[in-house]
Amino acid sequence: PNQPGRPEPPRAMFLVFAVFFFVIQSIFALPSFVAAYAVLKRKSWARISGIVAAVLSAMSVPVGTAACIYALWFFFGENWKEVYEPASYQGGARAQLSGAGDAATWTVNQHSEASRNYAPPPPPDWR
């Protein structure tokens, strides 16, 4: 309740500020949602949208800055190519796990005439 002689708070002004802050927050959050959709659906434009979303999230200190650093490290590194580029960009190579138990080895199958199978040595037994 208002005290006598004091004006009532301007409720319309609170509504204007709430809408303004909601719009600003939406502008900064929307690229993250678009990038998340693109990465999950493995779209061709996922990398670019992820970089844009990472740069915009850098302003949300400290968590957004950490997420930005990790996202930029991922999108500009080799990890991006291993996870999201189609096999045709990687020369048609597909890695497969063959064998079971301790004798499991990784082989890389090429879809060309000169295909080779590569089996790295098994890891040392640390028991």
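Here the structure is shown first, and the text comes after it.
A brief look at the structure comes next. Treat the numbers as computed from the prediction; the structure is a model and nothing was measured.

### Let's talk about helix α2 (residues 46–57)
Residues that lie three or four places apart on an α-helix share one face, since the helix turns once every 3.6 residues. A rise of 1.5 Å per residue sets the reference length of α2, with its twelve residues, at 16 Å; its end C-alpha atoms lie 16 Å apart and thus fit the reference within 8%. Listing the buried residues of α2 in full gives A46, S49, G50, I51, A53, A54 and S57. Contact partners of the buried residues in α2: α1 (11–40), α3 (63–76) and α4 (78–84).

### A look at the side chain of S49
On the secondary structure map, S49 appears in helix α2. In this structure, S49 is in contact with P31, A35 and A38, ignoring residues within four places of it in sequence.

### Re the nonpolar core
One finds A38, V39, A46, I51, A54, C68, A71, F74, F75 and W80 forming the largest nonpolar core, which totals ten residues. Of all the elements in the fold, those that place two or more residues in this core are α1, α2 and α3. Per-element tally for this core: the top contributor is α3, with four residues.

### Structural notes on the packing of aromatic side chains
Taken as a whole, this structure holds six aromatic pairs when the rule is applied. Between F17 and F21, the ring centres sit 6.2 Å apart and the planes meet at 20 degrees, which makes this aromatic pair stacked. Linking F17 with F21, this pair stays in helix α1, spanning four residues, or about one helical turn. Under the relative-accessibility criterion, F21 is labelled exposed at 51%. On the numbers, 5.4 Å between centres and 70 degrees between planes, the contact of F74 with F75 is edge-to-face. When sorted by exposure, F74 lands in the same class as F75, which is buried. Members of the aromatic cluster, connected to one another through ring pairs, are F17, F20 and F21.

### Details of unusual backbone geometry
Trans peptide bonds make up most of the peptide bonds, and negative phi angles are found at most residues other than glycine. With omega at 0 degrees, the peptide bond leading from V61 into P62 counts as cis. Here P62 shows up in the loop between α2 and α3. In this structure, R42 is a non-glycine residue whose phi angle is positive, near 55 degrees. Locating R42 in the fold gives a position in the loop between α1 and α2.

### A closer look at the layout of surface pockets
Each pocket or cavity is described by its volume, and for the largest pocket that value is around 180 Å³. Lining the largest pocket are S32, A35, A36, V39, G50, A53, A54, S57, A67, Y70, A71 and F75. Class assignment of the residues belonging to the lining of the largest pocket gives a composition of nine nonpolar, three polar and no charged.

### Observations regarding the packing of α2 against α3
Running from N to C, α2 and α3 cross one another at 155 degrees; their axes reach a closest spacing of 8 Å. Here α3 runs roughly antiparallel to α2, going by the angle between their axes. The handedness of the crossing between α2 and α3 comes out as left-handed. For the pair α2 and α3, the contacting residues are A46, R47, G50, I51, A54, V55 and S57 in the first and G64, T65, C68, A71, L72, F75 and F76 in the second. Residue classes in the contact of α2 with α3 are distributed as nine nonpolar, four polar and one charged.

Rules used in this analysis
- Every residue gets a number counted from 1 within its own chain, in the order that chain's sequence is written.
- Local features are withheld for residues below a pLDDT of 70 in this predicted model, meaning they are given only at 70 or higher, and side-chain atom pairs are given and counted only at 80 or more; totals for whole chains, interfaces and linings count all residues.
- Note: side-chain values were computed over all heavy atoms of the structure, leaving out hydrogens and water.
- By definition, any uninterrupted DSSP run of H or I lasting at least four residues is a helix, any uninterrupted run of E lasting at least two residues is a strand, and each is numbered from the N terminus.
- Helix span, expected: 1.5 Å multiplied by one less than the number of residues in the helix.
- With a 1.4 Å probe rolled over the protein chains alone, any residue whose accessible area is under 20% of its type maximum counts as buried; one over 50% counts as exposed, and the rest are partly exposed.
- Any two residues whose heavy atoms approach within 4.5 Å are treated as being in contact.
- Buried Ala, Val, Leu, Ile, Met, Phe, Trp, Tyr and Cys residues that are joined via side-chain atoms within 4.5 Å together make up what is termed a nonpolar core.
- Pairing of aromatic rings covers Phe, Tyr and Trp, the last counted by its six-membered ring, and requires centre-to-centre distances within 6.5 Å; plane angles under 30 degrees mean stacked, over 60 mean edge-to-face, and any other angle means tilted.
- Note on definitions: the grid is 1 Å and covers protein atoms alone; a cavity is a set of points where a 1.4 Å probe fits but cannot get out; a pocket is an open set with protein on both sides within 12 Å along at least five of seven lines; lining residues have an atom within 4 Å of a point.
- Grid points are joined across faces, edges and corners, and a volume is the space filled by probe spheres set on the points.
- Residues are grouped as follows: nonpolar covers Ala, Val, Leu, Ile, Met, Phe, Trp, Tyr, Cys and Pro; charged covers Asp, Glu, Lys and Arg; every other residue, Gly included, is treated as polar.
- Axis lines are fitted through C-alpha atoms, for helices just across the contact stretch, and the angle between N-to-C directions can take any value from 0 to 180 degrees.
- Throughout this description, any angle smaller than 35 degrees is read as roughly parallel, any larger than 145 degrees as roughly antiparallel, any in the 65 to 115 degree range as roughly perpendicular, and the remainder as oblique.
- Each crossing gets its hand from how the near helix is turned against the far one by less than a right angle, where anticlockwise is left-handed and clockwise is right-handed.

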